[in-house]
Number of protein chains: 2
Amino acid sequence: MEEFAALSGISRPTLSKYFHDPESVRPSTRNRIEEALSKHDYRPNIYAVNQNRRMTKNIGVIVPYLADPFFAEIARNLERRVIDAGYSPVLFSSHGDRNQEKDILDTLRSQKPAGVLMAPLGRNSDRSYIEAFCADVPTVLFDSNLEGLGEAFVGSDNFSFVSQSVQYLHSTGEPPCFLEMANPANPNAHKRRRAYLASMEALDLEPEVLSVPGEGWGFEEIGYQAGLDLLTRRALPTDTVLCSNDRLAIGFLAACYECGVRVGKTGGCDLRVAGHDGHPFSRYTSPSLTTVAHDYDAVSNHSVETLFTVIENGGHLPDRAETLYPARLILRMSA
Amino acid sequence: MEEFAALSGISRPTLSKYFHDPESVRPSTRNRIEEALSKHDYRPNIYAVNQNRRMTKNIGVIVPYLADPFFAEIARNLERRVIDAGYSPVLFSSHGDRNQEKDILDTLRSQKPAGVLMAPLGRNSDRSYIEAFCADVPTVLFDSNLEGLGEAFVGSDNFSFVSQSVQYLHSTGEPPCFLEMANPANPNAHKRRRAYLASMEALDLEPEVLSVPGEGWGFEEIGYQAGLDLLTRRALPTDTVLCSNDRLAIGFLAACYECGVRVGKTGGCDLRVAGHDGHPFSRYTSPSLTTVAHDYDAVSNHSVETLFTVIENGGHLPDRAETLYPARLILRMSA
DNA sequence: ACAAAATTTTTACGCGCGTAAAGTTTTGTC
DNA sequence: GACAAAACTTTACGCGCGTAAAAATTTTGT
């Protein structure tokens with residue numbers, strides 16, 4: 001930087017100011033710097049920069065399972081917005097593993113990021129560990145809420161998901177039973193079950209929850225095995241199956257196909273199947289999957305905006321806001 | 001560190017050595033350090049450390065499109081191995097965008113990583129830009145080869161993919177036509193077409209390549225649209241369709257379903273469909289997709305190992321090795 | 001027990017940049 | 001044209017650590 005200062009005829013402190021915020025120097029100076037920059041292509045050493053700044057320009061992004069296209073999609077949205085805001089996203093996936101999530105928090109803490117956008121594992125998260133982290137680093141939770149942790153939570157309204165699907169399915173045929181994992185990793189799953197029960201009750205219908213076994217993040221396989229089991233045992237209480245999420249539904253559809261059960265809403269079909277999330281692949285199942293989609297844009301947009309508000313506010317918010325966005329019903333062929 | 005040195009009764013330079021490599025100090029000293037460490041939980045400032053080290057302990061991982069579960073899976077494998085080797089993975093996705101890929105390279109260069117594992121966009125990559133990057137940072141290419149770039153290439157043998165699928169399909173029914181994108185983003189697609197042509201020729205069969213329009217990384221949609229078009233026009237030359245990759249096949253299957261075309265290898269079916277890659281979701285299509293799978297483990301394992309060899313070798317290899325792993329045929333219901 | 005070898009401690013400097021303080025120049029205003 | 005405010009330059013120090021060199025200490029081998 002010393003050399004570049006000499007070459008460009010600008011003092012080093014002014015250069016330092018420029019690199020911190022180009023708008024903070026006079027336009028004429030800025031032009032001179034940028035001209036010199038185009039000739040000598042100097043770049044500040046990020047490590048030296050970050051050492052002397054309390055907070056870096058990095059934003060950590062943590063998702064629980066990146067191999068799930070749903071999270072990959074969210075991550076993509078978040079990255080884009082973070083970059084647009086002049087920050088650098090640093091992406092991590094917990095891979096569904098509690099310890100991995102803790103390791104990521106450690107790594108991230110030592111990076112002194114300006115803030116973190118975190119979708120926690122949920123039930124499997126180490127609550128106190130995350131709490132300690134949030135005390136040090138401005139954190140906004142998204143997708144999956146951990147009560148009281150982080151400066152804010154942004155997600156989708158699980159009740160909105162399920163009430164829409166239940167009402168639609170009820171008004172067009174038999175009321176749905178609800179397929180879910182008995183031990184879901186994600187707290188959203190519990191909220192969806194409760195929303196299902198409440199929605200059915202509101203319609204004066206008898207709820208039927210099918211809690212199937214299975215651990216981990218291989219939801220398709222769990223839905224598939226559950227489907228095989230339920231279909232061969234003829235244990236389905238209704239001809240309409242509402243799955244807690246699309247990945248379960250995808251597996252369930254595969255089982256239906258194998259068992260020769262015709263899924264669809266048209267005449268001649270045996271079963272209707274619907275899901276939740278608006279999974280990127282739900283369009284390409286056979287039949288295409290009726291689902292209720294997250295408002296990806298709104299969630300990612302507001303998550304990032306909230307985080308920047310927190311950062312501008314010195315890392316804390318007067319009170320922890322929870323923002324929930326309604327979901328959108330997508331009618332396709334499966335129900 | 002100064003304070004911790006005082007607290008632990010160890011000199012600062014010795015501590016510095018310890019953090020660089022715990023094995024480099026005498027066991028008795030190491031124990032004393034680790035004991036003190038457990039009490040005072042001090043951690044070196046990574047920015048100060050990296051400033052004074054030429055190379056960091058970071059390994060960049062770049063994939064072209066993280067929303068593709070195939071790459072998410074590979075990334076997960078690579079991350080794990082990098083961590084096990086005592087390094088920190090830094091994950092990036094080009095999101096199918098040429099400029100994004102270049103930006104990532106810039107970001108990564110300024111991070112002075114010990115090495116980079118890169119799956120380039122392929123045809124869409126800025127070759128000279130990557131070349132300049134590779135000159136500065138030890139880089140191993142994987143999945144998609146750019147001739148001559150990087151210290152090595154590790155991937156799957158496209159010929160092995162296609163020859164297996166062609167032979168299998170031929171020996172069990174009509175020889176396949178080949179469905180591909182007219183303008184594929186990935187160079188593997190070209191190799192697969194050539195492998196198809198060669199395999200058909202070797203069997204003395206007439207090849208039929210269906211090159212369908214479509215740009216970008218929304219392969220399912222492209223396969224779906226192609227399927228609708230081909231099926232409604234009854235333009236398929238055979239009753240066996242071999243797709244260049246599984247994502248195209250997934251879209252194609254959706255089209256078949258909608259058109260009422262029964263896909264499968266059993267009697268009473270109209271069409272056989274197969275793909276390549278061993279996509280994580282290929283198990284759950286309807287019908288389940290016959291495919292030829294990458295040897296994920298071998299590819300990711302050898303990529304990481306190769307990179308570490310390069311790093312130990314001072315960043316360069318005597319000559320650029322290209323390692324190709326054979327694929328494995330997975331028989332399912334679709335063909 | 002004693003010299004050689006291996007570690008550790010002391011001391012000191014430098015990495016590349018942020019930033020404060022004081023002085024100098026430029027800009028905008030009446 | 002005078003004058004205050006804004007922007008810039010000069011000078012200087014510090015961040016947290018790597019690392020070199022020399023001295024002091026401990027360990028090893030016999």
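Along each chain, numbering runs from 1 in the same order as the chain's sequence is written. Chains carry letters from A onward and ligands carry numbers from 1 onward, assigned in written order. Local features in this predicted model are restricted to residues of pLDDT 70 or higher, and side-chain atom pairs are both shown and tallied only at a pLDDT of 80 or more, whereas totals for entire chains, interfaces and linings draw on every residue. To get the side-chain values, all heavy atoms of the structure are used, and hydrogens and water are removed first.

Caption draft 1: Structural context of the interface of chain A and chain B. Here a residue-residue contact requires only that any non-hydrogen atoms of the pair lie within 4.5 Å. At the junction of the two partners, chain A supplies 43 residues and chain B supplies 43 residues. A simple way to read buried area is as the amount of 1.4 Å-probe accessible surface that goes missing from two parts once joined, with both sides added. Surface buried jointly by chain A and chain B totals about 4,000 Å² across both partners, of which 57% is contributed by carbon and sulfur atoms. Of all residues in chain A, Y47, F281 and Y284 of chain A bury the most surface against chain B, accounting for 20% of the area lost on that side. Salt bridges are identified by distance alone: a Lys or Arg side-chain nitrogen within 4 Å of an Asp or Glu carboxyl oxygen. Here chain A and chain B share 2 salt bridges between them. With its nearest N and O atoms 3.6 Å apart, the salt bridge here joins E258 of chain A to R283 of chain B. Here a polar contact means two N or O atoms within 3.5 Å. Within protein one must be a hydrogen donor candidate and the other an acceptor candidate, and residues neighboring in sequence count only if both atoms are side-chain atoms. In this structure, the connection of chain A to chain B is made through 10 residue pairs in polar contact (both at pLDDT 80 or more). Strands here mean DSSP runs of E at least two residues long; helices mean DSSP runs of H or I at least four residues long; both are numbered from the N terminus. Counting residues per element, the side of chain A that touches chain B draws most heavily on helix α5 (residues 69-84) of chain A, which supplies 7 residues. Grouping the amino acids of the side of chain A that touches chain B by side-chain chemistry returns 18 nonpolar, 14 polar and 11 charged. Note that Gly is not counted as nonpolar here; it falls among the polar residues with everything else outside the nonpolar set of Ala, Val, Leu, Ile, Met, Phe, Trp, Tyr, Cys and Pro and the charged set of Asp, Glu, Lys and Arg.

Caption draft 2: Layout of the nonpolar core. Throughout, nonpolar core names a set of buried Ala, Val, Leu, Ile, Met, Phe, Trp, Tyr and Cys residues whose side chains join them through atoms within 4.5 Å. Each residue is assigned to one of three classes by its accessible area relative to the maximum for its type, calculated with a 1.4 Å probe on protein chains only: buried under 20%, partly exposed between the two thresholds, exposed over 50%. Formed by 113 residues in total, the largest nonpolar core has its most connected members in L117, F252 and V273 of chain A together with L117, F252 and V273 of chain B. Those residues within four positions of L117 of chain B in sequence are excluded, and the remaining contacts are I59, G60, V61, I62, L78, V82, V140, F142, S303, V304 and L307 of chain B.

Caption draft 3: Layout of the pairing of strand β10 (residues 290-293) of chain B. Residues and elements named next belong to chain B. Here β10 shows a buried face lined by T290 and V292 and a second buried face lined by T291 and A293. Should DSSP find at least two bridges between two strands, the strands are taken to pair. By the bridge criterion, 4 bridges tie strand β9 (residues 272-277) to β10 in an arrangement that is parallel. Looking across to β10, one finds that H276 is bridged to V292. Judged from the 3 bridges that link them, β10 and strand β12 (residues 328-330) form a sheet pairing that is antiparallel. Bridging from a neighbouring strand, V292 pairs with L329 of β12.

Caption draft 4: Quick look at the relation of the copies chain A and chain B. The copies are overlaid by a least-squares fit using only the C-alpha atoms of residues whose pLDDT is at least 70 in both copies. For the pair chain A and chain B, the best superposition has an RMSD of 0.1 Å and corresponds to a rotation of 180 degrees with a translation of 0.0 Å parallel to the axis. These values place the two chain copies in the arrangement generated by a two-fold rotation axis. Closest to the rotation axis within chain A is the C-alpha of Y47 of chain A, separated from it by 2.3 Å. Take the interface residues of chain A: 100% of them recur as interface residues in chain B, which is what a same-surface contact looks like.

Caption draft 5: Representation of the sheet that holds strand β6 (residues 177-181) of chain B within the structure. All names here are of chain B. Sheet architecture is open: 6 strands sit in the order β7-β6-β8-β9-β10-β12, paired in mixed fashion. The two strands at the open ends of the sheet, each matched to only one other strand, are β7 (209-212) and β12. Averaged over all pairs of adjacent strands, the angle between strand axes in this sheet comes to 20 degrees, irrespective of strand direction. Of the pairings in the sheet, the one linking β6 to β7 comprises 4 bridges and is parallel in character. Its bridge partner lying in β7, E180 is registered against S211. Axis definition: a line fitted to C-alpha atoms, limited for helices to the stretch in contact. Angles are taken between N-to-C directions and run from 0 to 180 degrees. Sitting on the sheet, helix α9 (residues 187-202) is in contact with β6, β7, β8 (240-243) and β9, with an inclination near 165 degrees to β6.

Caption draft 6: Geometry of the protein's contact with DNA strand C. In the vicinity of DNA strand C, 23 residues are found, and the nearest of them are S16 and Y42 of chain A together with R26, T29 and N52 of chain B. When we say a residue is near a molecule or strand, we mean one of its heavy atoms is within 4 Å of it. In DNA strand C, the atoms that sit within 4 Å of the protein are 65% sugar and phosphate, with bases accounting for the remainder. Contacts to DNA strand C include Y42 of chain A, whose side-chain N or O atom sits 2.5 Å from a phosphate oxygen. One of the backbone N or O atoms of N45 of chain A is found 2.8 Å from a phosphate oxygen in DNA strand C. For the surface near DNA strand C, the secondary-structure elements that each account for two or more residues are α2 (12-20) and α4 (46-52) of chain A together with α2 (12-20) and α4 (46-52) of chain B. Among the elements that line the surface near DNA strand C, the one with the most residues is α4 of chain A, at 4 residues. Of the residues that constitute the surface near DNA strand C, the class distribution is 9 nonpolar, 10 polar and 4 charged.

Caption draft 7: Structural detail: the domain arrangement of chain A. For every domain, the bounds stem from an assignment made automatically or drawn from a database. For chain A, the assigned domains are domain 1 (2-44), domain 2 (58-155 + 296-324) and domain 3 (158-293). Computed over C-alpha atoms, the centres of domain 1 of chain A and domain 2 of chain A are 34 Å apart.

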